[in-house]
Each structure stands twice: as C-alpha cells, then as structure tokens.
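Structure assessment
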Amino acid sequence: MNPGDELVSFEKFHNEIEQLGILLAELNIEVAASADIERQTYDAFSALYYSIFTDDRPTMSREDEIAIGAALAGLGDLAAKINRARRGSGFDQIMPHLAKMVKGAVRMNAPSQVTDEAANKNSELYVGCLAIGAGLSIELEDPDKSANGKNPDVLLTFEGSAWSVAVKASHSSSAPTIFGNIKRGVEQIERSGANGVVFVNVKNIIDHQALALASPFTSVSDAVAVVGRQVDAIIQSLLTLIVPSDWEELFSMKKARPLVALMGQITVSAYVVPGTPMFVPVKVMRVLCAPPTPIDSNALTGADAAAWRLLQRLNDELQRNAGSSCAIGGV
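Residues numbered from 1 in each chain as written. Predicted model: local features only at pLDDT ≥ 70, side-chain atom pairs only at ≥ 80, totals over all residues. Heavy atoms only, no water.

Before going further, it helps to examine the overall build of the protein. Counting its secondary structure elements, the protein contains 10 helices and six strands. Taking 2.2 N^0.38 as the reference for a compact globule, 331 residues should give roughly 20 Å; the C-alpha atoms of the protein span a radius of gyration of 19 Å, in line with that estimate. Considered along the principal axes of its C-alpha atoms, the protein spans approximately 65 × 45 × 35 Å. Counting all 331 residues of the protein, 53% fall into the buried class. Look at the contacts in the protein between residues 6 or more apart in sequence, and 73% of them connect residues 24 or more apart. (Helix = DSSP H or I, 4+ residues; strand = E, 2+ residues; numbered from the N terminus. Rg over C-alpha atoms; globule rule 2.2 N^0.38 Å. Buried < 20%, exposed > 50% of the residue type's maximum accessible area, 1.4 Å probe, protein only. Contact = heavy atoms within 4.5 Å.)

By the definition in use, this model includes one cavity of 30 Å³ or more. Put simply, the largest cavity is a space of about 50 Å³. In terms of lining, the largest cavity is formed by Ala73, Gly74, Asp77, Asn109, Gln265, Ile266, Thr267, Pro281, Val282 and Lys283. Going through the elements one at a time, helix H3 (62-86), strand S5 (256-273) and strand S6 (276-289) are the ones with two or more residues in the lining of the largest cavity. (1 Å grid on protein atoms, 1.4 Å probe; cavity = no way out; pocket = protein on both sides within 12 Å on 5 of 7 lines; lining within 4 Å. Points joined across faces, edges and corners; volume = space filled by probe spheres on them.)

As a further point, take the pattern of salt bridges. Tallying each qualifying case throughout the model produces 12 salt bridges. In this structure, Asp77 and Lys283 form a salt bridge, with 3.2 Å as the shortest nitrogen-oxygen distance. Residue Asp77 is located in helix H3, and its partner Lys283 is located in strand S6; the two are separated by 206 residues in the primary sequence. On the basis of relative accessibility, which here comes to 4%, the residue Asp77 falls in the buried class. A relative accessible area of 2% places Lys283 in the buried class. For Glu317, the salt bridge goes to Arg84, with nearest N and O atoms at 2.9 Å. Placement of Glu317 in helix H10 (residues 302-318) and of Arg84 in helix H3 is noted, with a sequence separation of 233 residues between them. Where salt bridges share partners, they join Asp77, Lys81 and Lys283 into one cluster. (Salt bridge = Lys/Arg side-chain N within 4 Å of Asp/Glu carboxyl O.)

Below, the discussion takes up the packing of helix H6 (residues 175-192) against helix H9 (residues 244-251). Orientation of H6 relative to H9, taken along the N-to-C sense of each, is 20°, at an axis distance of 10 Å. Classified by the interaxial angle, the pair formed by H6 and H9 is roughly parallel. Considering how the two elements wind past one another, H6 and H9 form a crossing that is right-handed. Across the interface between the two elements, Phe179, Ile182, Lys183 and Val186 of H6 pack against Asp246, Trp247, Leu250 and Phe251 of H9. Classifying every residue of the contact of H6 with H9 by side-chain character gives six nonpolar, no polar and two charged. (Axes fitted to C-alpha atoms, helices over the stretch in contact; angles between N-to-C directions. Parallel < 35°, antiparallel > 145°, perpendicular 65-115°, else oblique. Left-handed = near helix turned anticlockwise from the far one by under 90°. Nonpolar A, V, L, I, M, F, W, Y, C, P; charged D, E, K, R; others polar.)

So, on to helix H1 (residues 10-26). Note: α-helices contain 3.6 residues per turn, so residues at a spacing of three or four share the same orientation. Helix length check: H1 (17 residues) gives 25 Å between terminal C-alpha atoms against 24 Å at 1.5 Å per residue, within 8%. Those residues of H1 not exposed but buried are Phe13, His14, Glu16, Ile17, Leu20, Leu23 and Leu24. As for H1, its buried residues are in contact with helix H2 (36-52), H3 and helix H4 (95-101). Just downstream of H1, Asn28 is the residue with a positive phi angle, here 60°. (Expected span 1.5 Å × (residues − 1).)

For the rest of this paragraph, the subject is the side chain of Gln265. By the secondary structure assignment, Gln265 is in strand S5. Reaching out from Gln265, the side chain makes a polar contact with the side chain of Tyr126 at a distance of 3.1 Å. Look past the residues within four positions of Gln265 in its chain and what remains in contact with it is Asp77, Met108, Asn109, Tyr126, Ile206, His208, Val282, Lys283 and Leu318. (Polar contact = N/O pair within 3.5 Å; in protein donor to acceptor, adjacent residues only side chain to side chain.)

Turning next to the sheet that holds S5. Strand-to-strand pairing in sheets goes through backbone hydrogen bonds, with the strands running parallel or antiparallel. Read across the open sheet, the six strands follow the order S1-S2-S3-S4-S5-S6; overall the sheet is mixed. Pairing within the sheet leaves two strands with one partner each, and these edge strands are strand S1 (138-140) and S6. The mean angle between the axes of side-by-side strands here comes to 20°, regardless of whether they run parallel or antiparallel. Sheet contacts for H10: strand S2 (154-158), strand S3 (161-169), strand S4 (195-201), S5 and S6; angle to S5, the most-contacted strand, approximately 25°. (Pairing = 2+ DSSP bridges.)

Moving on to the nonpolar core. The biggest cluster of nonpolar side chains holds 62 residues, and the ones touching the most others in it are Ile82, Ile94, Leu98, Met101 and Leu156. Aside from chain neighbours lying at most four places away, what touches Leu156 is Ala131, Leu136, Ser137, Ile138, Ser161, Ala162, Trp163, Val165 and Leu310. Listed in part, the 39 residues of the second largest apolar core include Val202, Ala223, Val226 and Leu250. (Core = buried A, V, L, I, M, F, W, Y, C linked by side-chain atoms within 4.5 Å.)

Taking 1.5 Å per residue, 22 residues should reach 32 Å; helix H8 (residues 220-241) reaches 32 Å between its end C-alpha atoms and fits that length. Looking at H8, one finds that the buried residues are Val220, Ala223, Val224, Val226, Val227, Gly228, Val231, Ile234, Ile235 and Leu238. Looking at the buried positions of H8, the neighbouring elements they touch are H6, helix H7 (208-213), H9, S5 and S6.

Here we take up the pairing of S4. Of all seven residues that make up S4, six are buried, and the element is covered over most of its length. Pairing geometry for S3 and S4, over seven bridges, is parallel. Paired with Trp163 across the two strands is Asn195, which belongs to S4. You can see the chain leave S3, run along H6 and come back into S4, and the turn it takes is right-handed. (Right-handed = clockwise from strand over helix to strand, strands pointing away.)

Spelled out as structure tokens, the structure:
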C-alpha cells in the first residue's frame, strides 16, 4: 500500500448508509420499495453480511462480487458525503435535492440512464456536498424549481470571492457531445456574473464492466492508474477532436475558467496485501486545461490559479472515505 491509501472496514460504510436512512426518515422523505436506493442498500448489506458469514455466501461470478462491493462502496461514499454535509453549515441548501435523490439512480460509481433526471440532479447534490464538506458556503438551486438549466447548479464562496459551478452528467463518449455539455455549462456560468468552473461527471461513459472483469489488479496503484487512463482518454479525445480555436472561442472573455473537471468513480478489486484481493473504491478527478491555457498548473495565474485551487479543495473532499480524512485517487 502507498502512504496515502487507507483500509476502511465494511462496517464504516454500512454505518454511513444507516445514518442516511435515519436522516431521510427524520426529514419525512418517503422512499418507494422499488427505489434504486433500496436496491443498493440491500446489495450493500449483502456485501457486509457475506464478509462476516462466509459459509452463507453463494457462488458468485467476479462481476457479481464486484457489483455488491460497489453498492457498499458507492452508496456508503454518497451517504458519508451527505452525512458530513449535514454536520456543516448550508445543509438546508441540499435538502430539496435529497427528496429528488430517492427517485433516481443514486450511486456515483455506476452508470444511469439518460432519461433518469433525478440521477442527473444527484451529480449536483454530490458536488454540493463536496463543497460543504470542504468548508465552503454554498447555494444550490432547487432541482424542481430551477431555471431549466439556465443558471449555474452550485454557487459558492471560495477565498472570499463568489464562484459558480455548472455540473454536467455526460451520457455519451462523443467528443462533440461532451464539448456541447461544456459549452452549456459555460453559458450557465456566464449568467451568474461570477467566475466558475464546469464539472463533468463521466460515470456513464467509463467501461465499468471491463474494469470489473479485469479485477483483481496487482496493486491499488495499478487500479487507480487504469481508471485514470479511461478518464485521460476522454480528455485526449476532446483535445484531439475539438480544435484549439473552438476552445479559445468558448472561453474567451468569459467568466468560466478554461479548466474543466472530469470525475470518474468505480469500484474494482486489487491485491492490497500479498495474496488478498480487496474491494478498492477508486475516485478520480482530472482537469482538462483548454487550449491555450498552460497544462502546467504552476504556470496558472489569477482567476485560473484560483480555479485550480478550488478544484484541488473539492478533490480533497472527494477522496475522503467513510469515517476518514483521506482515500484513494487524485488530480
């Protein structure tokens, strides 16, 4: 294991999920029996149960093993982010999103359907929780009373200045389609009158099945690198197929900074200690520096440098595990 890696017990993830269930009940948020969060809770508990009562464990394929482990890791991570936000200031800002959350697919480490509006809004909830967990004050637009996607999804204060974040959930790996999503995000930020960044969740275009079947990886570092390469490939496709002049036109004289965050999450298995494969929740954030912005972060200045620091702050919170202050992954 690397110094930054951390072993987190199944019980810690399960405890976060239980706390989230209690919170939803306290807020009188009704959860349908057929809701995705109910299915994920069942699978998450199965992962915990079979880890304790191994004799009861049925024969499962590697893909099925990863599926229940991913439910525990993914729902547990979301629950931890929400529970942490509850303890911070600004929790009232995300409450409307919690009612919306239970109506769609909830996990950030699993794909969802393009028609699942609630799942798309959950990406906004997740980023809002990252900001609150990072100690930032936020405003989050009501998911059911928004301006039809015309306004930024998250408004926050960072280093004493107002910032806006446009959150997009991409359902296509097509570079022009992703570029179109980024363009809409830039337009949202421009309406805010504040500097901002576009945040793209690429959970729907990562090849989850291939990565699960490639498990177990030889090490945690290898697992993180493989997931990171998938996100890097998306960025490379954008930089190859979208010409620099289009990027320059998009960001020229705009409040949106030419730094686009791409987040990908997946749970795989890897040999954490010799001979013992374990579930590894990989959470990767990469930053696309749109031409002609310098790729070297040390060369950034002014608002661009501040945007980089903001994304670092959000990534630090992204990497926090259930009941912990650090986890796996990185910008």
